[in-house]
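Coordinates in review
Spelled out, the chains give:
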Amino acid sequence: VMERADAEGAVAANALLQIVEGADAMLIDAVSALGQFEVVGASDLQRILDAQDVQESGLYDLDDPQTARSMELSGFPYIAVLTVTNYSWVVREGRFAGPAGDVNHIIESVHLQAALKIYDVERGTLFDTAVVEVDDAYETEILVGTDQRGSRAMPMIGAVSRQLATDAAVAVMDSLAPAKV
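In what follows, the accompanying structure is described. (Residues numbered from 1 in each chain as written. Predicted model: local features only at pLDDT ≥ 70, side-chain atom pairs only at ≥ 80, totals over all residues. Heavy atoms only, no water.)

1. Some words on the overall build of the protein chain
Each helix and strand counted, the protein chain has 4 helices and 3 strands in total. Ordered by position from N to C terminus, the α and β elements of the protein chain give α-α-α-β-β-β-α. For the protein chain, the proportion of its 181 residues judged to be buried stands at 27%. Taking all contacts inside the protein chain whose residues are at least 6 apart in sequence as the whole, residues at least 24 apart take part in 62%. Of the roughly 11700 Å² that the protein chain leaves accessible, carbon and sulfur atoms contribute 53%. (Helix = DSSP H or I, 4+ residues; strand = E, 2+ residues; numbered from the N terminus. Buried < 20%, exposed > 50% of the residue type's maximum accessible area, 1.4 Å probe, protein only. Contact = heavy atoms within 4.5 Å. Areas by Shrake-Rupley, 256 points an atom, 1.4 Å probe, with all protein chains shown as cover.)

2. Structural notes on the nonpolar core
Ile19, Tyr87, Trp89, Val110, Leu112 and Leu164 are the most contacted members of the largest nonpolar core, which has 23 residues in total. Counting only elements with at least two residues in this core, the list comes to α2 (10-33), β1 (78-98), β2 (101-120), β3 (125-143) and α4 (154-176). Apart from residues no more than four positions distant in its own chain, Leu164 is found in contact with Ile19, Ala23, Leu82, Leu112, Ala114, Val132 and Val134. (Core = buried A, V, L, I, M, F, W, Y, C linked by side-chain atoms within 4.5 Å.)

3. Brief notes about the environment of Thr140
The residue Thr140 is located in strand β3 in this model. Residue classification places Thr140 among the buried positions, given a relative accessible area of 6%.

4. Topic: the sheet that holds β2
Strand order in the open sheet formed by 3 strands is β1-β2-β3, and the pairing between neighbours is antiparallel. Lying at the two open borders of the sheet, with one neighbouring strand each, are β1 and β3. Taking the axes of each pair of neighbouring strands and ignoring which way they run, one obtains an average angle of 10° across the sheet. In the sheet, β2 pairs with β3 via 18 bridges, with the strands oriented antiparallel. (Pairing = 2+ DSSP bridges. Axes fitted to C-alpha atoms, helices over the stretch in contact; angles between N-to-C directions.)

5. Focus on a nonpolar patch on the surface
Residues Val40, Leu45, Ile48, Leu49 and Leu73 make up a contiguous nonpolar surface patch of about 360 Å² in total accessible area. Turning to its location among the elements, Leu73 is positioned in the loop between α3 (45-55) and β1. Accessibility expressed as a relative area gives 44% for Leu73, which makes it partly exposed. (Patch = residues over 30% accessible without salt bridge, like charges linked within 9 Å, V, L, I, M, F, W, Y side chains within 5 Å. Salt bridge = Lys/Arg side-chain N within 4 Å of Asp/Glu carboxyl O.)

6. Concerning the pattern of salt bridges
Side chains carrying opposite charge are able to pair once their charged atoms draw close together. In total, this model carries 1 salt bridge according to the counting rule given. Between Arg123 and Asp120 there is a salt bridge, and its shortest N-O distance comes to 3.7 Å. On the accessibility criterion, Asp120 (12% relative accessible area) is buried.

7. Things to note about the side chain of Asp120
Looking at where Asp120 falls in the secondary structure, it is placed in strand β2. Apart from the residues within four sequence positions on either side, Asp120 is in contact with Pro77, Tyr78, Thr125 and Phe127.

8. Quick notes on the pairing of β2
The pairing of β1 with β2 spans 20 bridges and is antiparallel. Bridging across to β2, Tyr87 finds its partner in Leu112. Connecting β1 to the next strand, β2, in antiparallel fashion are 2 residues.

Here is the structure:
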């Protein structure tokens, strides 16, 4: 997917990286906010291990019950893996006459599809899967002769990250803690 984003240009590749990084942090937050699971984000695991090492460095009271202990992380029964499987960033531009003069009209749109895989860690088997899709578009009009720096699509990148994380969190919840009727 990254090669396809690179082929679409630096903006598309950069947007995909921002969406994936943002969705990672937001997915951890969204699943945690459900209140049903204890969450350890794989992207944060090294920081947790480093903090444990610091606490065992001799600078902290090892008899304090709040002092972290290396090799004593809680186990976890499931792992969720979210993989972007399809991505496109399309930019359409045109110039139109407006009441105040010519206007450059830019429409940036994104389509993203990701596969969510939930594994049973104890058995090492695939427990469940789901497909998450997000589509969004942002329109910008710039009066010809004016200068605009930056992209108005930045809010779209944040919105797509949030939607991807939220939809994936709902899929995790539906799979691991389905509603009872």
